[in-house]
Amino acid sequence: MFGLLRLGAALWMALAASVAAAGERGVLVELFTSQGCSACPPADRLLGELAARDDVIALSLHVDYWDYIGWADSFAQPRFTARQKAYARAAHSRSIFTPQIIVDGEDRIMGAKAMTVMDRIRAHAEAPRPVSLSLRREGGRLFVTVSAERPVGPAVIQLVRYRPSATVHITRGENAGRTAEYHNIATTWRALARWDGAAPLRLATEIEGERPVVVIVQSERHGPVLAAARLR
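Each value, and the rule that gives it
- Residues numbered from 1 in each chain as written.
- Predicted model: local features only at pLDDT ≥ 70, side-chain atom pairs only at ≥ 80, totals over all residues.
- Heavy atoms only, no water.
- Helix = DSSP H or I, 4+ residues; strand = E, 2+ residues; numbered from the N terminus.
- Buried < 20%, exposed > 50% of the residue type's maximum accessible area, 1.4 Å probe, protein only.
- Polar contact = N/O pair within 3.5 Å; in protein donor to acceptor, adjacent residues only side chain to side chain.
- Contact = heavy atoms within 4.5 Å.
- Pairing = 2+ DSSP bridges.
- Axes fitted to C-alpha atoms, helices over the stretch in contact; angles between N-to-C directions.

- In the annotation of an unreviewed UniProt entry, the entry for the chain reads DUF1223 domain-containing protein, and the organism field reads Rhodosalinus sediminis.

1. Topic: unusual backbone geometry
(1) Moving on: Here threonine 98 and proline 99 are connected by a cis peptide whose omega angle stands at -5 degrees.
(2) Moving on: Take proline 99: it is sitting in the loop between helix 3 (78-90) and strand 4 (100-103).
(3) Moving on: Although it is not a glycine, aspartate 104 adopts a positive phi angle of roughly 50 degrees.
(4) Moving on: Topologically, aspartate 104 is positioned in the loop between strand 4 and strand 5 (107-110).
(5) Moving on: According to the relative accessible area criterion, aspartate 104 is buried, its value standing at 1%.
(6) Moving on: Not every positive phi belongs to a glycine, and arginine 221 is a case in point at roughly 60 degrees.
(7) Moving on: Along the chain, arginine 221 turns up in the loop between strand 11 (213-219) and strand 12 (225-231).

2. Notes on the side chain of glutamine 100
(1) Moving on: Its location among the elements puts glutamine 100 in strand 4.
(2) Moving on: Within the local environment of glutamine 100, its side chain forms a polar contact with the side chain of glutamine 84, the two groups lying 3.0 Å apart.
(3) Moving on: Those residues in contact with glutamine 100 that sit more than four places away from it in its chain are Glu30, Leu31, Phe32, Gln84, Arg108 and Ile109.

3. Digging into the sheet that holds strand 7 (residues 141-148)
Strand pairing in a sheet takes place through backbone hydrogen bonds and is either antiparallel or parallel in direction.
(1) Moving on: Reading across from one edge, 6-7-10 is the order of the 3 strands in this open sheet, with antiparallel pairing throughout. Strand pairing shows two members of the sheet lacking a second neighbour, strand 6 (131-138) and strand 10 (201-206), which therefore form its edges. Shown here is a sheet whose adjacent strand axes are inclined to one another by a mean of 15 degrees, direction ignored.
(2) Moving on: Summarising the sheet, strand 7 and strand 10 pair through 6 bridges and their orientation is antiparallel. Directly across from valine 146, in strand 10, lies its bridge partner leucine 201.

Take a look at the structure:
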């Protein structure tokens, strides 16, 4: 009996280690937001609810184009504004706005339309993923493995780090006097490699600190997200 219990414990530990190595896979939800946007707080709260789910990789991307109206967003980065503009170009649109939610690189949703967001998350979660993505962290190095059963076309492998939460007291601008809670605030976003979408790819990169790590496989020119995984 004790031998069976030890064997069961060993199998459970091996399974847990395997899952940890592979990373949490989930539907990618990007919220383009700003501390200076009066319409954004409901979307920020919705993002906080999504951040608590294991099957969703929810990220807040703070843009800088509202900074001129009296409050400079302390998390804003020009690269996130550039990413939102690239999504707009991919959709043949000339306009960008906050709040905007993009689900798996495809569905563009204005505002905090919770039911619409949930419906799209469910649809993407139920659809088969064309790409297999595994992550493993060893000390200060991250190992990434990507493969596809059949060619999916050129894609970009991206690395994201985020701050799980922060509270900000806003003293000027449209949200003056408001104390806001933000979740999964993107701090680093960079391309690791270009992938041809056919041959298996294995790569390693240096990472620092203890913040969560997200890897995204996305079709070129800000197309659909083919896979996303996270290590926390």
